[in-house]
Amino acid sequence: MVLTSALVGLASPALAADPDPSDDPVITTVTLGKAQIDPKIPGRVRVDVDYLCSVADEARSLTVSVEQKDPEDSSSIAFGSSRTAEADILCDGTTHQRQLIVQSKTVNWIPGVDAVVIATVSNIGATPSAAADSLQVKLAVG
């Protein structure tokens, strides 16, 4: 009995002094950077994104969408989205940078006109499980 108590006393401080770093939650974040019209293909916008997510075995994704209304024609809206394949998303607790290309599904992007850009990163199983960022920017040719 005395031997058991002594071992328990020795084991407890060691566990408290050396916590498992995988127990520390990493907040999932995403931050939009530049969004510019591709100079060679005006139907494409290149969007820079920084993201951070924790190590996870569950599904994860990075999606960017862009929408732009034509100020001279209210029925004309350029829009599109791009999703990065799950295998291409690195979730290791450090910040990563990506550039995604968003192809308009309708008309070409218009330089100098406001557009709404939204980025979402999901990291199912993490807390929180998703993060988003949005911007309203005037698209310029890059």
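The preceding data block contains the structure.
Keep in mind the model is a prediction, meaning the values are calculated, not measured.

J.: Please provide a residue-by-residue account of the sheet that holds strand S2 (residues 44-52), values included.
T.: Pairing between sheet strands relies on hydrogen bonds along the backbone, with the strands arranged either parallel or antiparallel. If you walk across this open sheet you meet the four strands as S5-S2-S1-S8, and the pairing is mixed. This sheet does not close on itself; its edge strands, each paired only once, are strand S5 (96-103) and strand S8 (140-141). Relative to S8, strand S1 (residues 29-37) is paired through two bridges, and the arrangement is parallel. Of the residues in S8, the one forming a bridge with Gln36 is Ala140.

J.: So what about the pattern of salt bridges? Which residues, and what values?
T.: Within the structure shown, the criterion is met by two salt bridges. Across the pair Arg46 and Asp38 runs a salt bridge, and its minimum N-O distance is 2.8 Å. For Arg46, a relative accessible area of 29% translates into the label partly exposed. Taking the shortest distance from any N to any O, the salt bridge between Lys138 and Asp114 comes out at 3.3 Å. With Lys138 in strand S7 (residues 130-138) and Asp114 in strand S6 (residues 114-123), the pair connects residues that are 24 residues apart, well separated along the chain. Residue classification places Lys138 among the exposed residues on the basis of a relative accessible area of 56%.

Calculation criteria
Residues numbered from 1 in each chain as written. Predicted model: local features only at pLDDT ≥ 70, side-chain atom pairs only at ≥ 80, totals over all residues. Heavy atoms only, no water. Pairing = 2+ DSSP bridges. Helix = DSSP H or I, 4+ residues; strand = E, 2+ residues; numbered from the N terminus. Salt bridge = Lys/Arg side-chain N within 4 Å of Asp/Glu carboxyl O. Buried < 20%, exposed > 50% of the residue type's maximum accessible area, 1.4 Å probe, protein only.

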